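Overview (structure and organization)
What follows is the residue order along each chain.
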Amino acid sequence: MVVIVVLAVLLVIALPNFSAFVKDNRLSGYSADIQSAMSFARSQAISRRRNITICPSSDSMSCNGTHWSDGLLVFVDGQTLGAADSGDDILKSVQLADAFAKIDPLASDNFGGKSYLTYRPSGTVMNAGTLLICDDRVGNVGYQLRVWTTGRVELTSRQSCS
């Protein structure tokens, strides 16, 4: 009987912490996936000597996503800037597992008002910006992914989510 009571107490203590642990790992994974896609796009722009664009995509074929959490498309941007045209090579598609995360540009630093990010053949970006990656929690639990004009991607944790 004592063992059951001790186990029940441990479960009551551990279960909320386990839920936070799972959410932290999901956010970390999403952040790493996006950072990896951006680093891939930069290396492809340099090696191919072409513009490479990343945009929100819900179908892995076009830039039809309304939010960065819809998924990402990485493609050689040879025709209309910021749009995956029929002649553009699709290099990578990143689909997030579910709509768990809210991934949005910061209002003050929103990729020049564009819904995409384009790397030049030099590895620099045409429109730098910052993404805030959060979930349904409030507080310093999010990630910030900053893309500098040099093309460098910086990921920081413990960002404020509301």
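What comes next concerns the included structure. What you are looking at is a predicted structure, and each value in this text was computed from that prediction instead of being measured. (Residues numbered from 1 in each chain as written. Predicted model: local features only at pLDDT ≥ 70, side-chain atom pairs only at ≥ 80, totals over all residues. Heavy atoms only, no water.)

All right, on to the nonpolar core then. Ranked by size, the top nonpolar core spans 28 residues in total, and within it Met38, Ile54, Leu117, Tyr119 and Val147 carry the most contacts. Mapped by element, the contributors of at least two residues to this core are helix H1 (2-48), strand S1 (52-56), strand S2 (72-76), strand S5 (117-119), strand S6 (129-134) and strand S7 (139-147). (Core = buried A, V, L, I, M, F, W, Y, C linked by side-chain atoms within 4.5 Å. Buried < 20%, exposed > 50% of the residue type's maximum accessible area, 1.4 Å probe, protein only. Helix = DSSP H or I, 4+ residues; strand = E, 2+ residues; numbered from the N terminus.)

So, on to a nonpolar patch on the surface. Among the surface-exposed residues, Met1, Val5, Val9 and Ile13 lie close enough to one another that they form a single nonpolar patch of about 440 Å² accessible area. By secondary structure assignment, the location of Met1 is in the segment before H1. (Patch = residues over 30% accessible without salt bridge, like charges linked within 9 Å, V, L, I, M, F, W, Y side chains within 5 Å. Areas by Shrake-Rupley, 256 points an atom, 1.4 Å probe, with all protein chains shown as cover. Salt bridge = Lys/Arg side-chain N within 4 Å of Asp/Glu carboxyl O.)

On to the side chain of Gln44. Here Gln44 is to be found in helix H1. Excluding anything up to four places from it in sequence, Gln44 contacts Arg49, Ile52 and Leu91. (Contact = heavy atoms within 4.5 Å.)

Further remarks concern the sheet that holds S2. Across the sheet, 4 strands lie side by side as S3-S2-S1-S5; this open sheet has antiparallel pairing. Strands at the two margins of the open sheet, each flanked by one partner only, are strand S3 (90-94) and S5. Going from strand to strand, the sheet's axes swing by 15° on average, the running direction of each strand aside. As judged from the 5 bridges shared by S1 and S2, these two strands associate in the antiparallel manner. Among the inter-strand pairings, Thr53 is bridged to a residue of S2, identified as Phe75. (Pairing = 2+ DSSP bridges. Axes fitted to C-alpha atoms, helices over the stretch in contact; angles between N-to-C directions.)

In this section: the environment of Leu155. The topology assignment puts Leu155 in strand S8 (residues 153-161). The class of Leu155 is partly exposed, set by a relative accessible area of 29%. Measuring from C-alpha to C-alpha, the distance between Leu155 and Arg26 comes to 15 Å, with 129 residues separating the pair along the chain. Residue contacts for Leu155: discarding those within four places in its chain leaves Ser31, Gln35, Tyr143, Gln144 and Leu145.

With that settled, consider the state of the cysteines. Applying the stated criterion to the full structure yields 2 disulfides. Here Cys55 is linked by a disulfide to Cys63, with a sulfur-sulfur distance of 2.0 Å. Residues Cys55 and Cys63 share a disulfide whose torsion about the S-S bond is about -85°; that sign makes it left-handed. One disulfide in the model links Cys134 with Cys161; its S-S distance is 2.0 Å. Because the torsion about its S-S bond is -85°, the bridge between Cys134 and Cys161 counts as left-handed. Of this pair, Cys134 sits in strand S6 while Cys161 sits in strand S8; the two residues are 27 residues apart in sequence, bridging distant segments of the chain. For the pair shown, Cys134 and Cys161 are each scored as buried. What links to what in the chain: the bonded cysteines, counted in sequence order, pair as 1-2, 3-4. (Disulfide = S-S within 2.5 Å.)

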